[in-house]
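Residues per chain, in single letters:
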Amino acid sequence: MIANRESNAGFGKRAGWSGETVRRYRAGEREPDKKAMATIFELTGGEVTPNDWVGVGPRTESAGQQNA
């Protein structure tokens, strides 16, 4: 989403969700369920994986630098 400057509403429309749901996922206010994680993985071409949501891997670039 960030790489192609897609809005929350735009991504939500492609996923079948509201822009507010996407905002909550991105802000870490809500964790997507398994089906949502699979949809996100598919729509991002694998750039966002389920590990990004469950704390196994870094969620942001800055987090990745801290864990390196």
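Just above sits the structure.
Residues numbered from 1 in each chain as written. Predicted model: local features only at pLDDT ≥ 70, side-chain atom pairs only at ≥ 80, totals over all residues. Heavy atoms only, no water.

**Q** I tried to follow helix 1 (residues 8-15) on my own but got confused; where do I start?
**A** Each full turn of the α-helix corresponds to 3.6 residues, which orients residues three or four apart in the same direction. Buried within helix 1 we find Phe11, Gly12 and Ala15. Buried residues of helix 1, seen end-on, are gathered within an arc of 100 degrees and therefore sit on one face of the element. Exposed residues pointing more than 90 degrees away from the buried face of helix 1 are listed as Ala9 and Lys13. Those residues of helix 1 hidden inside the fold are in contact with helix 2 (19-27) and helix 3 (34-43). Downstream of helix 1 by a residue or two, Gly16 has a phi angle that is positive, lying close to 90 degrees. (Buried < 20%, exposed > 50% of the residue type's maximum accessible area, 1.4 Å probe, protein only. Helix = DSSP H or I, 4+ residues; strand = E, 2+ residues; numbered from the N terminus. Arc of directions from axis to C-beta. Contact = heavy atoms within 4.5 Å.)

**Q** Teacher, can you tell me more about the environment of Ser7 here?
**A** Looking at the secondary structure, you find Ser7 in the segment before helix 1. Distance in space between the C-alpha atoms of Ser7 and Val22 is 9.2 Å, their sequence separation being 15 residues. Within polar-contact distance, the side chain of Ser7 engages the backbone nitrogen of Gly10 at 2.9 Å. (Polar contact = N/O pair within 3.5 Å; in protein donor to acceptor, adjacent residues only side chain to side chain.)

**Q** Any chance you could explain the nonpolar core here in plain terms?
**A** In globular proteins that are soluble, nonpolar side chains generally tend to be buried together. One finds Phe11, Val22, Tyr25, Ala36, Met37, Ile40 and Trp53 forming the largest nonpolar core, which totals seven residues. Elements supplying a minimum of two residues to this core: helix 2 and helix 3. Counting residues per element, this core draws most heavily on helix 3, at three residues. (Core = buried A, V, L, I, M, F, W, Y, C linked by side-chain atoms within 4.5 Å.)

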